[in-house]
Amino acid sequence: MFENLNVWEVGALLLLALLIFGDRLPVVISDGLRMVRNLRNMARSATTDLSKELGTDIQLEDLHPKAFIRKHLLSEEDEQAIRKPLQGVYDGLRADVTGVHDELKDVANAADPRRSNPAPASTSGPAPAPRAVSYDDVT
């Protein structure tokens, strides 16, 4: 939670809290911790009650509607039946995207100005300086 705060920022926050709350700071901290403990206990008891009512083991992560339906209402056969039509579409789309990616890599390699091109056999005079190639020149 505080991984992006450095020591000075935490110290400034503590000093600010001390200035705002003064002598009541320990009481405010203990009240905040008590509230967090009570919220955790309420969530734990709610999941316990829900588990007893449904007859299955439910965790807090399972209370998300998608996870709840996937874990408790759909059987594995139902989930496979739902996924089967979409799997073919996904595989076809993935193959198309892979093909386009490969073609784009081939085009980029062919248009790369850093690749060594064979020089003409007879040149008179010094070689011209290489000119900068922009995106518009390549396309």
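The structure contained in this document is the topic of the report that follows. Every value quoted in this text rests on a predicted model; they were computed, and no experiment measured them.

About the cut-offs
- Residues numbered from 1 in each chain as written.
- Predicted model: local features only at pLDDT ≥ 70, side-chain atom pairs only at ≥ 80, totals over all residues.
- Heavy atoms only, no water.
- Helix = DSSP H or I, 4+ residues; strand = E, 2+ residues; numbered from the N terminus.
- Buried < 20%, exposed > 50% of the residue type's maximum accessible area, 1.4 Å probe, protein only.
- Areas by Shrake-Rupley, 256 points an atom, 1.4 Å probe, with all protein chains shown as cover.
- Expected span 1.5 Å × (residues − 1).
- Polar contact = N/O pair within 3.5 Å; in protein donor to acceptor, adjacent residues only side chain to side chain.
- Salt bridge = Lys/Arg side-chain N within 4 Å of Asp/Glu carboxyl O.
- Patch = residues over 30% accessible without salt bridge, like charges linked within 9 Å, V, L, I, M, F, W, Y side chains within 5 Å.

It is worth spelling out the overall build of the protein at this point. Of regular secondary structure, the protein possesses five helices and zero strands. Burial analysis of the protein (139 residues in total) assigns 5% to the buried set. Total accessible area on the protein stands at roughly 12800 Å², and carbon and sulfur atoms take up 61% of it.

Our next topic: helix α1 (residues 7-21). Compared with the 21 Å implied by 1.5 Å per residue over 15 residues, the 21 Å span of α1 between its first and last C-alpha is a close match. For α1, the N-terminal cap is N6; the gap from its side-chain oxygen to the backbone nitrogen of W8 is 3.1 Å. Immediately beyond the C-terminal end of α1, within one or two residues, lies G22, with a positive phi of roughly 60°.

Take the pattern of salt bridges next. For the coordinates displayed, the defined rule picks out one salt bridge. Note that D31 and R34 form a salt bridge whose closest N and O atoms lie 2.9 Å from each other. Remark: R34 and D31 occur in helix α2 (residues 25-54); sequence separation between them is three residues, near one turn of the helix. By relative accessible area, D31 is classed as partly exposed at 37%.

A contiguous nonpolar surface patch, about 370 Å² in accessible area, is contributed by L13, L16, I20 and F21. For F21, the position within the fold is in helix α1.

In short, geometric facts, not functional conclusions.
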